[in-house]
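Spelled out from the first residue to the last, the chains are:
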Amino acid sequence: WYQRRVHGDMCKDMPPTSTCHLDNIQSCVWTSVRLKPPPSLDSSISWRVEFRPCDQNLTAEENVATAVLVQMFAQLVTYEKTKLNFYIPISLVDENISRAVKKDAITSQKFWWRKNIIDTAGYSKDEYIELSLEEWLIGNKDFPGFYHLYSEFIDELISSNPDKAEFYRAFREECFRATEIILQRAQGKRMTTAALIRKFVTEHSAYEKNSVVNEVVMADLQEFLIQASHTDILE
């Protein structure tokens, strides 16, 4: 597949200004975040970053939590005064993905993150640390935590715009409230959709403990998930 895309005919007739080859090569690591370059070097479209979550949540509140957390992170990394550096090698990104697909990874696995994220004078030492998602969100002795960093970011906005202090404080509280679902999952206080489905299937009377989800179980599961999408059953 890789040989066909890079060395085959896909980019054969592209003009010199095309980014076809770059797009083909970096598309091999699209598992979580996709870098989207302009379609050509002379395009008016700018560089973009596309967040690629692995699944669709059951409820609107959960989907909002994911969207808000991504927006909060984007605000942090694009704010010029903070100059935070979250870069890690692609090899560690691949390792994180291999861990993320394991059962109950959100509470049972640790992932690689950059330890020294403060980019002082354009430089931060390349050190990496394994943290659980809970540790990354609220911090530990080796890492300040995402929520702490975001709170400092809002404090900086308040300092720069004192006339908007009330708005920024309310905005921060609303962001933290909206993403509480993700923190609860990371702490094991709230089931993920995958855990909910596993629990339903394994406890179903028609499940024969053979890894086969038969038609009876599937029909009941579909009905259960429809109901779950309108309730708070994941708590």
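Preceding this paragraph is the structure being described.
These notes cover the structure that comes with them. (Residues numbered from 1 in each chain as written. Predicted model: local features only at pLDDT ≥ 70, side-chain atom pairs only at ≥ 80, totals over all residues. Heavy atoms only, no water.)

What to know about the overall build of the protein chain
Note the cut-off: In this description a helix means any DSSP run of H or I spanning at least four residues, a strand means any run of E spanning at least two, and both kinds are numbered starting from the N terminus. Note on definitions: a residue-residue contact is assigned when non-hydrogen atoms from the two residues lie within 4.5 Å. Calculation of accessible area relied on Shrake-Rupley with a 1.4 Å probe; when residues are assessed, cover is drawn exclusively from the protein chains displayed.
When you go through the protein chain residue by residue, the secondary structure sums to 11 helices and four strands. Sequence separation of 24 or more characterises 46% of the internal contacts of the protein chain that already satisfy a separation of 6 or more. Carbon and sulfur atoms make up 56% of the accessible area of the protein chain, which totals about 14800 Å².

Considering the packing of helix H7 (residues 146-160) against helix H8 (residues 165-178)
Convention followed: Here an axis means a line fitted to C-alpha atoms, over the contact stretch when the element is a helix, while the angle between two N-to-C directions is reported on a 0 to 180 degree scale. Each angle receives one of four descriptions, namely roughly parallel if under 35 degrees, roughly antiparallel if over 145, roughly perpendicular if within 65 to 115, and oblique otherwise. Handedness of a crossing follows from how the near helix is turned relative to the far one, being left-handed for an anticlockwise turn of less than a right angle and right-handed for a clockwise one. All residues other than Ala, Val, Leu, Ile, Met, Phe, Trp, Tyr, Cys, Pro, Asp, Glu, Lys and Arg, Gly among them, are scored as polar; the first ten of these are nonpolar and the last four charged.
As a packed pair, H7 and H8 sit with axes 9 Å apart at the nearest point and diverge in direction by 165°. Relative to H8, H7 is oriented roughly antiparallel. With respect to the hand of their crossing, H7 and H8 are arranged in right-handed fashion. Here Tyr147, Tyr150, Ser151, Ile154, Asp155, Leu157 and Ile158 of H7 come into contact with H8, specifically with Ala165, Tyr168, Arg169, Phe171, Arg172, Cys175 and Phe176. Across the contact of H7 with H8, the residue classes tally to 10 nonpolar, one polar and three charged.

Some words on helix H3 (residues 60-78)
Inclusion rule: Take the number of residues in a helix, subtract one, and multiply by 1.5 Å to get its expected span. When accessible area is computed with a 1.4 Å probe and restricted to protein chains, residues below 20% of their type maximum are described as buried, those above 50% as exposed, and intermediate ones as partly exposed. Relevant arc is that of directions from the helix axis to the C-beta atoms, nothing else.
An ideal rise of 1.5 Å per residue puts 27 Å on 19 residues; H3 measures up with 27 Å between its terminal C-alpha atoms. Taken as a whole, H3 has its buried residues at Glu62, Ala65, Leu69, Met72 and Leu76. Along H3, the residues classed as buried sweep out an arc of 80° about the axis, all on the same side. When the buried face of H3 is taken as reference, the exposed residues oriented beyond 90 degrees from it are Ala60 and Thr78. Tucked into the core, H3 has its buried residues touching helix H6 (133-138), H7, H8 and helix H9 (180-186).

Structural notes on unusual backbone geometry
Of note, the phi angle at Lys209 is positive, near 60°, even though the residue is not glycine. You can see Lys209 is positioned in the loop between helix H10 (193-203) and helix H11 (215-228). Backbone geometry places Ser211, a non-glycine residue, at a positive phi of 70°.

What about the environment of Pro144?
Along the polypeptide, Pro144 turns up in the loop between H6 and H7. You can call Pro144 partly exposed: its relative accessible area is 36%. Each C-alpha atom, one on Pro144 and one on Ile117, is 9.8 Å from the other, the two residues being 27 residues apart in sequence. When neighbours within four sequence positions are excluded, Pro144 is seen to be in contact with Ile138, Gly139 and Leu149.

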